[in-house]
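Listed here are the chains, written in short residue letters.
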There are 2 protein chains.
Amino acid sequence: MSGEWLRRWRRGGPAERPGGAPAPGPGPPPPALRYRRPKFVPGGGEEAPRGGRAVRGAAPERPLPWGAGYAEVINAEKSEFNEDQAACCQISVRRREPGLEEDEEWLILCSTQFLTGHYWALFDGHGGPDAAIIASNYLHYCIKQKLEEVVGGITEAQPPMHLSGRCVCDSDPQFVEEKHIHAADLVVGALENAFQECDEVIGQEMEATNQTGGCTALAALYFQGKLYVANAGDSRAILVLKDSIVPMSSEFTPESERQRIQHLAFLFPKLLDGEFTRFEFPRRLKGDDVGHKVLYRDYFMEGWGYKTVEKADLKYPLVHGHGKQARLLGTLAVSRGLGDHQLKVIDTNIEVKPFLSCIPKVNVFDFSVHDIKEDDVLIMATDGLWDVLCNDEVAHVVRSFLAENRTDPQRFSELAKCLVCRARGKKRGHQWMLDDSHEASYDDISVFVIPLHNREED
Amino acid sequence: MSGEWLRRWRRGGPAERPGGAPAPGPGPPPPALRYRRPKFVPGGGEEAPRGGRAVRGAAPERPLPWGAGYAEVINAEKSEFNEDQAACCQISVRRREPGLEEDEEWLILCSTQFLTGHYWALFDGHGGPDAAIIASNYLHYCIKQKLEEVVGGITEAQPPMHLSGRCVCDSDPQFVEEKHIHAADLVVGALENAFQECDEVIGQEMEATNQTGGCTALAALYFQGKLYVANAGDSRAILVLKDSIVPMSSEFTPESERQRIQHLAFLFPKLLDGEFTRFEFPRRLKGDDVGHKVLYRDYFMEGWGYKTVEKADLKYPLVHGHGKQARLLGTLAVSRGLGDHQLKVIDTNIEVKPFLSCIPKVNVFDFSVHDIKEDDVLIMATDGLWDVLCNDEVAHVVRSFLAENRTDPQRFSELAKCLVCRARGKKRGHQWMLDDSHEASYDDISVFVIPLHNREED
């Protein structure tokens, strides 16, 4: 939205830059990114030898905040690199003096105070690892910046109508009250804007370095006593509590967002360039179907109807396939995420980006109204885990593992590895198999296990 | 969608016409509708004397299906007429011979069979009573027709890919299975299409007779052992069961659909003709706010942010106000419904219709998986009731009234009257007051009480 930070940053300042890499000044385009694993994974500079799909965790000598666990494994030769990325850090938000205007910003130097948040994120790249790497470098900076922009409102009991705190109209607090606007809504808004800004950054970076690709983004932020989970894509976060499972995200796929996608094609048919049909059918239609009535859905339908097949209906459907096979424009398996600015449908001039959304859905969990037990954890994982394990299975592994490993100081790291191992399975001949002899996950798998009971420790 | 039925009907045929009124043939435009109350209300041709806001019910000598109760009251001089309307009937759906093509329709004459559905609906008109009257005349015909169009699929255990039943591709049943398509999905689709067709009919009727206005629509259909509730507007239906309340609809207002409405304005800014701002603010902005950062939301935000106010932000907001005061384009209090094809923002050329949706959200209740008790009922009511009574209060009235009136054969009618009386309150001086001395409802109020235990009786 603001872009100002980005512009300043691309000019070479301010000092506070993502990743600590040298600032790209004016002049030749920045070089392409070097591939890397997350910084907290030992030997993170390079990919592990892939044949055995060894599970890697965080370095025990540099524990993650709250003693959180992390583990990952590369895919089974689906792509050259592990296209998942992970990030984890504290976010310090500079608290502004109430009533201070931006041009008086120097005054803050005398009275700086910080609010601290904790951040964990997973990114699942596609079409190359680069978008996920950029996102893992920058998203927390975008979040930090967006939180700082509204921090004057967050620290008040009720956000003021005017960020400056000045009351232009006596009944302003009443209007804000009536709309039920709370500090948490500003954090949600900041996350929504941060994803959008990060998407912009990725678009510009990828264009400057002539790279392509995109990634999903799942980010958890603990801030001011609440947990915010922002999701754009098909990763997933769940809370595994003593007696319940609380889903903290939902997946955005061509299937789950069919109506939004079809509606856009209805409003702007040119986006399909005559190559796709916006209707959904249970299967791809063929010549024999023409003239007959077949099952279909249009953008406004949650139910199904019958439609007489015309020749135009034989085109490839905008949203097609089922489950993991569902594709947007025959190209992408997710409908939200970051990047993909240059992505076109193969052999056509049709852009995919207009149908994608970079806006996350944010779910909030308020710790002040829940009694958190010692073994309660937040599980965040890319689709590699959830493709083969459902919420109940994951919760079962979590509870039994933690009950059996009460004293191990590395128990959350070990649990993360255990979950990744479960989903990766074991190699039997050329196949990766689960214990129950179903097929295991051939995808990249990344898992955070975040103990909630430790949240005020740091 | 098809429009064929409408075209045939406007040409003067077929015999099966809504309402039984004379068919408008070619020639002069049809005369404007005569105002009327629902047919099942005694003296239904005219409005009751309004001063006392007498509550009227259905005629006891002509009981409604299932012994359902109905009651209504006119508003407190808000408009000349009671702009609510109600409808209630059986819907007979002609079952087609499987494999029969449309040009073999004459064959059906030899083997006609019917599936029977039950239908109740409420319509809350605005800008005049006409749209609600047309909708109450026609919506059930649209539903009947849309159900007949797909009946070949509804009567199968699993809807066939081809309505004809022919299997063009051996794995067709598998594709349908994979997409989880059941007979109920065809009914949902038929309802969605029926609302759209009814909206088209209303648009053409209103244009032909030079009338304006629109209405909300809440329709309940009992069909093949399931209850379908389709809602477009701010009426509401709930199931009051022995131990629980099941909401069967949600309201569509400028507030609840803010993001959809703002997104459309983002995609097509011309729709606002430079007169409105698409942003939401807690209050209307004024000159003093310019240059300052104030709370705002854009289409992609569920949270709030701060925005530096520009002069353009002083325009009237696309969605403005809170609760019952919320308005779309300063004009309409609902965001879905039928009609309003000609509606423009006063003193401008800005059309409201593009922002409205006529598509209902359909909720399904499957009786085969619920044990229905004798006093379990479906309550349908226009916003006049729900503005002053919440679900819990209504459920409390329902349960205590039915417990105290076990043997009265008119108990469901009496309960409907009781609910309307509660919401209308009593006149004290010039005011209508509830028992708890809060203000009562000044709106039109209409209520159906539908006993679910009687559903297989007719």
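Our subject is the structure listed above.
What counts and how
Residues numbered from 1 in each chain as written. Chains lettered and ligands numbered in written order. Predicted model: local features only at pLDDT ≥ 70, side-chain atom pairs only at ≥ 80, totals over all residues. Heavy atoms only, no water. Contact = heavy atoms within 4.5 Å. Salt bridge = Lys/Arg side-chain N within 4 Å of Asp/Glu carboxyl O. Polar contact = N/O pair within 3.5 Å; in protein donor to acceptor, adjacent residues only side chain to side chain. Helix = DSSP H or I, 4+ residues; strand = E, 2+ residues; numbered from the N terminus. Nonpolar A, V, L, I, M, F, W, Y, C, P; charged D, E, K, R; others polar. Pairing = 2+ DSSP bridges. Axes fitted to C-alpha atoms, helices over the stretch in contact; angles between N-to-C directions. Phe/Tyr/Trp six-rings, centres within 6.5 Å; stacked < 30°, edge-to-face > 60°. Buried < 20%, exposed > 50% of the residue type's maximum accessible area, 1.4 Å probe, protein only. Lys NZ or Arg CZ within 6 Å of the ring centre and 35° of its normal. Parallel < 35°, antiparallel > 145°, perpendicular 65-115°, else oblique. Left-handed = near helix turned anticlockwise from the far one by under 90°.

J.: Looking at this structure, how should I read the interface of chain A and chain B?
T.: Buried accessible area, meaning the area lost when the parts come together, often serves as the stated size of an interface. Opposite the 53 residues of chain A that make contact, chain B presents 53 residues. Joining chain A to chain B, the criterion identifies eight salt bridges. A:Glu280 is the salt-bridge partner of B:Lys179, the closest N and O atoms lying 2.7 Å from each other. At the boundary of chain A and chain B, one finds 24 residue pairs in polar contact (both at pLDDT 80 or more). Only helix H4 (172-178), helix H5 (183-208), helix H6 (258-267), strand E10 (293-296) and strand E11 (305-308) of chain A provide two or more residues apiece to the side of chain A that touches chain B. In terms of residues, the side of chain A that touches chain B owes the most to one element, H5(A), which gives seven residues. Residues belonging to the side of chain A that touches chain B are distributed by class as follows: 26 nonpolar, eleven polar and 16 charged.

J.: Help me out: how do you make sense of the sheet that holds strand E8 (residues 245-247) of chain B in this one?
T.: Think of a sheet as strands paired side by side through backbone hydrogen bonds, with each pair either parallel or antiparallel. Residues and elements named next belong to chain B. In space, the six strands of this open sheet follow the order E1-E2-E20-E17-E7-E8, with antiparallel pairing throughout. What marks the edges here is a single partner per strand, and that holds for strand E1 (56-57) and E8. Sheet topology note: the strand E7 (residues 236-240)/strand E17 (residues 377-381) ladder contains five bridges and is antiparallel. Within the sheet, the bridge partner assigned to Leu-239 lies in E17 and is Leu-378. Where helix H7 (residues 391-404) meets the sheet, its contacts fall on E7, E8 and E17, and the angle it forms with E7 comes to roughly 45°.

J.: Which parts of the structure should I look at to understand the packing of aromatic side chains?
T.: Two aromatic rings, taken as a pair, are described by how far apart their centres are and by the angle between their planes. Enumeration according to the criterion identifies 27 aromatic pairs over all chains in this entry. Measuring from centroid to centroid gives 5.3 Å for B:Tyr299 and B:Phe300, while their planes differ by 85°, and the two rings are edge-to-face. There is no split in this pair, since B:Tyr299 and B:Phe300 are both buried. What links up through ring pairs into an aromatic cluster is the set A:Trp66, A:Trp120, A:Tyr222, A:Phe365 and A:Phe367. One cation-aromatic arrangement involves A:Lys307 over A:Phe279; the distance from NZ or CZ to the ring centre is 4.9 Å. The side chain of B:Arg53 reaches across the aromatic face of B:Trp432, ending 4.9 Å from its centre.

J.: How should I be thinking about the packing of H7(B) against helix H8 (residues 411-424) of chain B in this particular structure?
T.: Helix-helix packing is described using two parameters, namely the angle between the two axes and the distance between the axes. All names here are of chain B. For the pair H7 and H8, the least separation of the axes is 10 Å and the interaxial angle reads 140°. When the axes of H7 and H8 are compared, the pair comes out oblique. Our pair here, H7 against H8, has a crossing hand that is right-handed. In contact with Val-394, Val-397, Val-398, Phe-401 and Leu-402 of H7, H8 contributes Arg-411, Phe-412, Glu-414, Leu-415, Cys-418, Leu-419 and Arg-422. Partitioned by chemical class, the residues of the contact of H7 with H8 number nine nonpolar, no polar and three charged.

J.: Any chance you could explain the packing of helix H2 (residues 130-154) of chain B against helix H4 (residues 183-208) of chain B here in plain terms?
T.: All names here are of chain B. As a packed pair, H2 and H4 sit with axes 7 Å apart at the nearest point and diverge in direction by 140°. The hand of the H2/H4 crossing is right-handed. Its residues assigned to classes, the contact of H2 with H4 comprises 21 nonpolar, three polar and four charged.

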